[in-house]
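# Structural overview for review
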Amino acid sequence: QVQLVESGGGLVQAGGSLRLSCAASGSILAFNGMAWYRQAPGKERELVAVISLGGNTYYVDSVKGRFTISRDNAKNTLYLQMNTLKPEDTAMYYCATRVNGTPKTWGQGTQVTVSS
């Protein structure tokens, strides 16, 4: 089973940028969908962005125009470029593989904290 390891989180001021990476231990070509989720303290985990094998993308409304999801199939890596960060983006961010729209494998998460 593929394992996922996120990196790139940290503390940033509002308006700043971060780039998250998710390295897979095996080929991600087997997964049509890969996604980023986030969970803030006291809140449920929410879907942030999805990318298909063909490059189609979906974003939750709150991050549209600010976040960009991408994948490098040759490097078995998923990315999330986050620009114009807001305090409400503060959360633990997780990458996941998806099968038929359902998350299957999760990473351990990387913390993103945006200060005002």
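Summarised in this report is the structure supplied together with it.

All right, on to the packing of aromatic side chains then. For the structure shown, the criterion picks out 2 aromatic pairs. Ring geometry for Tyr94 against Trp106: centres 6.3 Å apart, planes inclined by 90°, an arrangement best described as edge-to-face. Within this pair, whereas Tyr94 is found in strand S9 (residues 91-99), its partner Trp106 is found in strand S10 (residues 102-106), the two being separated by 12 residues in sequence. With relative accessibility at 13%, the residue Tyr94 sits in the buried group. Over the aromatic face of Trp106 sits the side chain of Arg45, whose NZ or CZ is 4.4 Å from the ring centroid.

In the Ramachandran plot, Thr84 falls in the positive-phi region, its phi being about 45° despite a non-glycine side chain. According to the relative accessible area criterion, Thr84 is partly exposed, its value standing at 45%. Backbone geometry at Asn100 places phi at a positive 50°, although glycine is not the residue there. Mapped onto the elements, Asn100 comes out in the loop between S9 and S10.

Once that is clear, we can look at the state of the cysteines. Inspection of the entire model under this criterion finds 1 disulfide. Disulfide pairing is shown between Cys22 and Cys95; the S-S distance is 2.0 Å. Disulfide Cys22-Cys95: the torsion about the S-S bond is 55°, which places it as right-handed. Of this pair, Cys22 sits in strand S3 (residues 18-24) while Cys95 sits in strand S9, and the two are 73 residues apart along the sequence. As far as the burial class goes, Cys22 and Cys95 line up, both buried.

Across soluble globular proteins, you tend to see nonpolar side chains buried next to one another. Core analysis: the biggest nonpolar cluster contains 29 residues, and Trp36, Phe67, Ile69, Leu78, Leu80, Met82 and Tyr93 have the highest contact counts within it. Those elements that place two or more of their residues in this core are S3, strand S4 (33-39), strand S5 (46-52), strand S7 (67-72), strand S8 (77-82), S9 and strand S11 (110-115). Sort the elements by how many residues they give to this core and S3 lands first, with 4 residues. Those residues in contact with Tyr93 that lie beyond four places of it in its chain are Glu6, Leu20, Trp36, Tyr37, Arg38, Val48, Phe67, Leu80, Met82, Gly109, Thr110 and Val112.

On to the pairing of S3. The buried fraction of S3 is high, at 5 of 7 residues. When strand S1 (residues 4-7) meets S3, the two strands line up antiparallel, connected through 4 bridges. Paired with Leu4 across the bridge in S3 is Ala24. Relative to S8, S3 is paired through 6 bridges, and the arrangement is antiparallel. Each residue of the ladder has a partner; that of Ala23, found in S8, is Thr77.

About the criteria used
- Residues numbered from 1 in each chain as written.
- Predicted model: local features only at pLDDT ≥ 70, side-chain atom pairs only at ≥ 80, totals over all residues.
- Heavy atoms only, no water.
- Phe/Tyr/Trp six-rings, centres within 6.5 Å; stacked < 30°, edge-to-face > 60°.
- Helix = DSSP H or I, 4+ residues; strand = E, 2+ residues; numbered from the N terminus.
- Buried < 20%, exposed > 50% of the residue type's maximum accessible area, 1.4 Å probe, protein only.
- Lys NZ or Arg CZ within 6 Å of the ring centre and 35° of its normal.
- Disulfide = S-S within 2.5 Å.
- Core = buried A, V, L, I, M, F, W, Y, C linked by side-chain atoms within 4.5 Å.
- Contact = heavy atoms within 4.5 Å.
- Pairing = 2+ DSSP bridges.

Nothing here speaks to function; it is all geometry.
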